[in-house]
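One letter stands for each residue in the lines below.
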Amino acid sequence: MKPQIEIVTGDITTLPVDVIVNAANPSLLGGGGVDGAIHRAAGPALLEACKVVRQQQGECAPGHAVITLAGNLPAKAVIHTVGPVWQGGDHQEARILEEAYRNSLALAAANNYRTIAFPAISTGVYGFPRAAAAEIAIRTISDYLTRRPLPERVYCVCYDEENARLYQRLLTQQGNDTDA
Ligand code: ADP
């Protein structure tokens with residue numbers, strides 16, 4: 001049986017999964033980093049969809065998640081979640097990052113999606129230390145998967161090899177191997 005969590009190195013916009021997660025900002029109107037890459041690859045329909053969500057419910061608070069169509073992406077949908085801005089570690093950053101992962105997983109499950117890909121939320125412009133963010137990602141995702149039937153498979157997409165090695169080490173350490 002394939003492991004439920006897989007580490008992938010590369011560009012999240014190319015993945016043919018059910019849903020990809022965007023590390024959005026509260027405005028939902030696009031930005032740099034992975035957000036910019038997703039909007040470029042998806043085309044203008046994604047921004048239009050984000051504007052509709054904004055009109056309906058305003059900004060997206062840190063830790064929350066919303067879902068839209070995926071435009072030209074190979075994925076079927078995009079979940080936009082807002083990670084915490086790193087402010088030294090004593091501003092609930094860890095809890096908010098966990099919530100961003102958990103709420104994204106729950107939204108994918110609520111839409112009956114089986115496969116989901118995450119970028120390393122908050123580790124770019126938002127400045128969350130990479131090792132701590134990777135530990136939270138792996139722990140929160142594994143914990144969710146042991147308790148729920150959906151999603152069935154989660155891809156953690158690292159943009160560079162160094163981050164991928166970090167994720168892989170954590171995954172091996174915590175023995176994520178569904179052969180057992
Ligand atoms: P945040 O504002 O949440 O920090 P960023 O987009 O600045 O979001 O960075 C989040 C992570 O996404 C970083 O680790 C960055 O290297 C990575 N990243 C940037 N572009 C892509 C991409 N096309 N695919 C996957 N990951 C990406």
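Quick caveat: nothing in here was measured; it's all calculated off a predicted structure. (Residues numbered from 1 in each chain as written. Predicted model: local features only at pLDDT ≥ 70, side-chain atom pairs only at ≥ 80, totals over all residues. Heavy atoms only, no water.)

1. Regarding the UniProt feature "active site" (unreviewed entry) in the protein chain
Keep this limit in mind: UniProt positions are given in the numbering used here, feature names are shortened, and annotations may be inferred rather than shown by experiment. The way it works is that DSSP assigns letters per residue, a run of H or I at least four long becomes a helix, a run of E at least two long becomes a strand, and they are numbered from the N terminus. We call two residues in contact whenever any of their non-hydrogen atoms come within 4.5 Å of each other.
The feature "active site" (unreviewed entry), as given by UniProt, occupies D35 in the numbering adopted here. Positionally, D35 belongs in helix α1 (residues 33–42). Every residue in contact with D35, bar those within four places of it in the chain, is listed here: N22, A23, A24, N25 and G30.

2. Section: the nonpolar core
Most often, soluble globular proteins keep nonpolar side chains buried together rather than apart. Inclusion rule: For our purposes a nonpolar core is just a set of buried Ala, Val, Leu, Ile, Met, Phe, Trp, Tyr and Cys residues, chained together by side-chain atoms within 4.5 Å. Relative accessible area decides the class of each residue, using a 1.4 Å probe on protein chains only: under 20% of the type maximum gives buried, over 50% gives exposed, and in between gives partly exposed.
If you look at the biggest cluster of nonpolar residues, it comprises 34 residues, and the most contacted ones within it are I7, Y101, I116, F118, I138, I141 and Y167. Mapped onto this core, the elements with two or more residues apiece are β1 (5–9), β2 (19–24), β4 (77–82), α3 (93–110), β5 (115–118), α4 (130–147), β6 (153–158) and α5 (161–173). Here the element with the most residues in this core is α4; it accounts for eight residues. Those residues within four positions of I138 in sequence are excluded, and the remaining contacts are I5, I7, C156, Y167, L170, L171 and Q174. L15, I20, C50 and V82 belong to the second largest nonpolar core, which has 22 residues in total.

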